[in-house]
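Each chain, written out:
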Amino acid sequence: MAKPVVIVVGADKGGVGKTTVSRTLLDYFSANNVQTRAFDTESPRGTLKRFHPEITEIVDMTTTADQMKIFDTLNSGPAVTVIDVRAGLLSPALASLRDIGFLDAARSGQITFAVFHILGPSIASLDEIAETSSFMSGAKYFLVKNFINDTQFFQWDQATYNSYFNKIKDATDLTIPKLNEMAYEQVEVSSVPFLKFVANKGVHDDAANYSFVLRGYVRHWLANVWSEYDRIKLTDLVGAKSAKGEK
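Note that the coordinates shown come from a computational prediction; the quantities given were computed from them, not determined experimentally.

The rules behind these values
- Residues numbered from 1 in each chain as written.
- Predicted model: local features only at pLDDT ≥ 70, side-chain atom pairs only at ≥ 80, totals over all residues.
- Heavy atoms only, no water.
- Axes fitted to C-alpha atoms, helices over the stretch in contact; angles between N-to-C directions.
- Helix = DSSP H or I, 4+ residues; strand = E, 2+ residues; numbered from the N terminus.
- Parallel < 35°, antiparallel > 145°, perpendicular 65-115°, else oblique.
- Contact = heavy atoms within 4.5 Å.
- Nonpolar A, V, L, I, M, F, W, Y, C, P; charged D, E, K, R; others polar.
- Buried < 20%, exposed > 50% of the residue type's maximum accessible area, 1.4 Å probe, protein only.
- Pairing = 2+ DSSP bridges.
- Patch = residues over 30% accessible without salt bridge, like charges linked within 9 Å, V, L, I, M, F, W, Y side chains within 5 Å.
- Areas by Shrake-Rupley, 256 points an atom, 1.4 Å probe, with all protein chains shown as cover.
- Salt bridge = Lys/Arg side-chain N within 4 Å of Asp/Glu carboxyl O.

Colleague: Lay out the packing of helix α1 (residues 18-31) against helix α10 (residues 212-231) with the relevant residues and their values.
Modeller: Close contact between α1 and α10 brings their axes to 10 Å; oriented N to C, the two are set at 80°. Classed by the angle they form, the pair α1 and α10 counts as roughly perpendicular. On α10, the residues that touch T20, V21, T24, L25, D27, Y28 and A31 of α1 are W221, L222, V225, W226, Y229 and D230. Along the lines of polarity and charge, the residues of the contact of α1 with α10 split into nine nonpolar, two polar and two charged.

The following block contains the structure:
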């Protein structure tokens, strides 16, 4: 049986585009034929669930019952589990993973564990890195600078960033580029995954009539995001071959 892969996407601050990154991950795995399930911890009404309803379940990660729903089923579901952690709960979520023995299982090689930490533009966001990194032994740690909201990266300079980044062993940084605002808004209104928007498909795979121009912007942006995922060899991490590599 393939080793379970758990990817946690989170931040200790809201408004940094965390769920947008989760959506690109689900689209990336779909395009690479990697069976994936997702948990949306924005209980009771999730955002990720709205875009990927077939594979997403809304949970409250602070409850034992929902922790069991996620982690007691790792060996019986799809190989990859993506957990979109509610804003402000990344550090508490990682603490709960430590308490249930999940981090020990990752350290011993029973589970492949990765964290996509979405950074905000403030110095406070750098302080999050120090707190979160204490849980990262045995995990793949990705620091994500997300420009989706046209964030001016950053209020701190590169030297300041490096002073934090270099303290963390084996961390990898990623950049999510900005998407044209009108294109982003149209995808939001359509309530479909980015891939379906590009393919001009509606919620139920029916033919849609999205703007050719906006679809082009999304296609170009998604290709740039995926090139970052290819660069970090994300398909290797989850034990799959890139669809590009198979052509």
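Colleague: Describe the pairing of strand β1 (residues 5-10), naming the residues involved and giving the relevant values.
Modeller: Among the six residues of β1, six are classified as buried, and the element is accordingly described as predominantly covered. One ladder, built from five bridges, connects β1 with strand β4 (residues 80-84); its direction is parallel. Bridged to V6 within β4 is T81. Here β1 runs beside strand β5 (residues 112-119); their pairing, made up of six bridges, is parallel. Each bridged residue has a counterpart across the sheet, and for V6 the counterpart in β5 is F113.

Colleague: Can you lay out the side chain of T24 for me, pointing to particular residues and giving the numbers?
Modeller: Inspection of the secondary structure assignment puts T24 in helix α1. You can call T24 buried: its relative accessible area is 0%. Non-local contacts of T24, meaning those with residues more than four positions away in its chain, are made with F194, W221, L222, V225, W226 and Y229.

Colleague: Any chance you could break down a nonpolar patch on the surface for me, citing the residues and the numbers?
Modeller: Taken together, the side chains of F212, V213 and Y217 make up a nonpolar region of the molecular surface, amounting to roughly 350 Å² of accessible area. Mapped onto the elements, V213 comes out in helix α10.

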